[in-house]
Amino acid sequence: MAIIQVRVPRRRALNVGEWIIAGSLRTAAMAKRITHTPRCRALAQRFRNAPWVTSGRAFALSRPARAPRAPDGEDWIHEVKRDGYRLTAIVRTGAVALKSRQDVDWTRRLPAIVRQVAALGLDDGQIDAELVAIDAEGRDDFNLLQQTIASRAQAPLRLIAFDVLRLGGRDLRGEPLLERKSVLEDLLEGSPVLFSTHLRGHGPEVFEAIAREGCEGIVSKRVDSTYEAGATRTWLKTMARLEDDFIAFGWRAARQGRRGGLLVAKPDGKQLRYAGCVSTGFRQHDLVSLAGVRRSGLIDDGALSSGVTLPVQSTARGPWVRVAFRGVTADGLLRHASFKGIRLDG
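Rules and cut-offs
- Residues numbered from 1 in each chain as written.
- Predicted model: local features only at pLDDT ≥ 70, side-chain atom pairs only at ≥ 80, totals over all residues.
- Heavy atoms only, no water.
- Helix = DSSP H or I, 4+ residues; strand = E, 2+ residues; numbered from the N terminus.
- Buried < 20%, exposed > 50% of the residue type's maximum accessible area, 1.4 Å probe, protein only.
- Contact = heavy atoms within 4.5 Å.
- Phe/Tyr/Trp six-rings, centres within 6.5 Å; stacked < 30°, edge-to-face > 60°.
- Salt bridge = Lys/Arg side-chain N within 4 Å of Asp/Glu carboxyl O.
- 1 Å grid on protein atoms, 1.4 Å probe; cavity = no way out; pocket = protein on both sides within 12 Å on 5 of 7 lines; lining within 4 Å.
- Points joined across faces, edges and corners; volume = space filled by probe spheres on them.
- Nonpolar A, V, L, I, M, F, W, Y, C, P; charged D, E, K, R; others polar.
- Pairing = 2+ DSSP bridges.
- Polar contact = N/O pair within 3.5 Å; in protein donor to acceptor, adjacent residues only side chain to side chain.
- pLDDT = per-residue confidence, 0-100.

*Asks:* What should I look at first to understand the overall build of the chain in this one?
*Replies:* Broken down by element type, the chain carries seven helices and 20 strands. Among the 346 residues that make up the chain, the fraction classed as buried is 53%. In the chain, the share of contacts with a sequence separation of at least 24, taken over all contacts with a separation of at least 6, comes to 72%.

Below, the structure is given as structure tokens:
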């Protein structure tokens, strides 16, 4: 995903010709090392009516719903959907913790990111963000991110923040989105933590521009939306590349004229719904990482079809995996599925 640098005056609305990903890419060397604590307190005062948070708890994350097309109109802003790992940065009494979308603690895995968040000088806060790896062409690369975290490659890791849930002891989830983003932009100015910029309106045009660049898609958000825990229709994701996450639960036996492959499913209430077989895209280290699934026993998928549900207990140990595909059949099975990687964030 390209990092597109657009130089525009602050606070001026951007037009479609200036669509952006994360503003200027500021490296740690370029960023000024400043302490924001007094400033953050001042920013928090902009929300004098926001309730105080006394427990220091972490808030549940919001999840965008999938949409077939990008919404239009000035009631929506649009951000580029990043090809990385969702992380929330939680600061309590000055100590930074990083949690994945499944609440897995990543603090020790990412000491450089912890230092970047600590440099903000917060005493209390929670920031919603995405962790990405940047390749030589300035694009997000999910595989490169996995390889870098596993110490099999070296690439710059960047935390790109798109929302702030708590700041200076105040719960900001009930404030309008644009107000929260304004506070976040001020907070991150001069910081190595990047701010996820956006465009307002022109959703279809923004999506077409993103798609031409080969990006994953966009996330559209209502400008007046509060921060809702869990799935919400006030955040919508429109995908330019068909990719999704599934639970691996078994390995299909190879037959003459047919490859073996990874069987995947999607959560459906308290069960899992069979989604198909992934037969391509595996590298040697992927097969090593999936050894547990492969050892669990070969499965003849002849008895599996769309709509088949599986007991959660039988698949609880299967990892989450990311899969690219060209479409979905009328009965809900993946077409031309290709393996992208095991999700390390739970």
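*Asks:* So what exactly am I meant to see when it comes to the packing of aromatic side chains here?
*Replies:* Here the distance between the centres and the angle between the planes together describe a pair of aromatic rings. Scanning all chains against the criterion turns up eight aromatic pairs. Between Tyr227 and Trp235 the ring centres are 5.5 Å apart and the planes differ by 90°, which places this aromatic pair in the edge-to-face class. Relative accessible area serves as the criterion here: at 6%, Tyr227 is assigned to the buried category. Judged by relative accessible area, which is 2%, Trp235 ranks as buried.

*Asks:* Got a minute to help me understand the pattern of salt bridges in this structure?
*Replies:* Close approach of charged atoms allows side chains of opposite charge to pair. Evaluated as defined, the whole model comprises 24 salt bridges. Residue Arg82 is joined to Asp140 by a salt bridge in which the shortest nitrogen-to-oxygen separation is 2.8 Å. Here Asp140 lies in the loop between β5 (124-133) and α3 (142-149) and Arg82 lies in the loop between β2 (76-80) and β3 (85-92), a separation of 58 residues in the sequence. Accessibility assignment for this pair places Arg82 and Asp140 in one class, buried. Where Glu243 meets Lys340, a salt bridge forms, and the shortest distance between an N and an O atom there is 2.8 Å. Of the two residues, Glu243 sits in strand β12 (residues 243-252) while Lys340 sits in strand β20 (residues 338-342), which places them 97 residues apart along the sequence. Residue Glu243 shares its accessibility class with Lys340, and that shared class is buried. Salt bridges linked by common partners bring Asp83, Arg101, Arg241, Glu243, Asp245, Arg322, Lys340 and Arg343 together as one network.

*Asks:* I keep staring at the layout of surface pockets and nothing clicks. Help me out?
*Replies:* If a probe as big as a water molecule is rolled over the atoms, it shows which places are left empty. Its boundaries defined by the atoms lining it, the largest pocket holds a volume of some 1200 Å³. Lining the largest pocket are 41 residues, and of these Arg63, Pro64, Arg86, Arg101 and Lys237 lie nearest its centre. Class assignment for the residues of the lining of the largest pocket results in 14 nonpolar, eight polar and 19 charged.

*Asks:* Help me understand the sheet that holds strand β11 (residues 230-239), please; the structure alone is not making it clear to me.
*Replies:* To summarise the sheet geometry, strands pair through backbone hydrogen bonds and adopt either a parallel or an antiparallel arrangement. Read across the open sheet, the five strands follow the order β1-β11-β10-β2-β9; overall the sheet is mixed. Each edge of the open sheet is held by one strand with a lone partner, namely β1 (62-66) and β9 (199-200).

*Asks:* Is there a simple way to explain the side chain of Thr148 in this structure?
*Replies:* By the secondary structure assignment, Thr148 is in helix α3. Apart from the residues lying within four places of it in its own chain, the contact partners of Thr148 are Ala153, Gln154, Ala155 and Leu157.

*Asks:* Which parts of the structure should I look at to understand the side chain of Lys221?
*Replies:* Position of Lys221 relative to the elements: it lies in strand β10 (residues 217-222). Within the structure, Lys221 has its side chain in polar contact with the side chain of Glu79 (distance 2.8 Å). Non-local contacts of Lys221, meaning those with residues more than four positions away in its chain, are made with Asp75, Trp76, Ile77, Glu79, Phe162, Leu177, Thr234 and Trp235.

*Asks:* Got a minute to help me understand unusual backbone geometry in this structure?
*Replies:* When glycine is set aside, most residues are seen to have a negative phi, and most peptide bonds are trans. Positive phi, close to 45°, is recorded for Thr93, a residue that is not glycine. Among the residues examined, Thr93 registers a relative accessible area of 71% and is labelled exposed. In this structure, Asp103 is a non-glycine residue whose phi angle is positive, near 65°. On the secondary structure map, Asp103 appears in the loop between β4 (95-100) and α2 (111-118).

*Asks:* How should the pairing of β11 be read in this particular structure?
*Replies:* The buried fraction of β11 amounts to eight of the ten residues, a majority that puts the element mostly inside the structure. Pairing between β1 and β11: five bridges, direction parallel. Bridge pairing in β11 places Ser62 opposite Gly230. Pairing of β10 with β11 involves five bridges; the strand directions are antiparallel.

*Asks:* What should I look at first to understand the pairing of β2 in this one?
*Replies:* On a regular strand, each side chain points to the face opposite its neighbour's, so the side chains alternate between the two faces of the sheet. Taking burial as the measure, the five residues of β2 include five buried ones, the bulk of the element. Alternating residues of β2 divide into Trp76, His78 and Val80 and Ile77 and Glu79, and every residue in both groups is buried. Here β2 pairs with β10 via five bridges, running antiparallel. Each bridged residue has a counterpart across the sheet, and for Glu79 the counterpart in β10 is Val219.

*Asks:* Even after reading the chapter, I still don't get the confidence of the model for the chain, so can you show me in this structure?
*Replies:* Any region with low pLDDT has predicted coordinates that should not be read closely. When pLDDT is averaged along the chain, the result is 81; 77% of the residues meet or exceed 70. Across the chain, β2 holds the top mean pLDDT of 97, while helix α1 (residues 37-44) sits lowest at 56. Residue range residues 1-36 is modelled with pLDDT below 50. Its contacts to residues more than four positions away, or to other chains, number 88 contacts.

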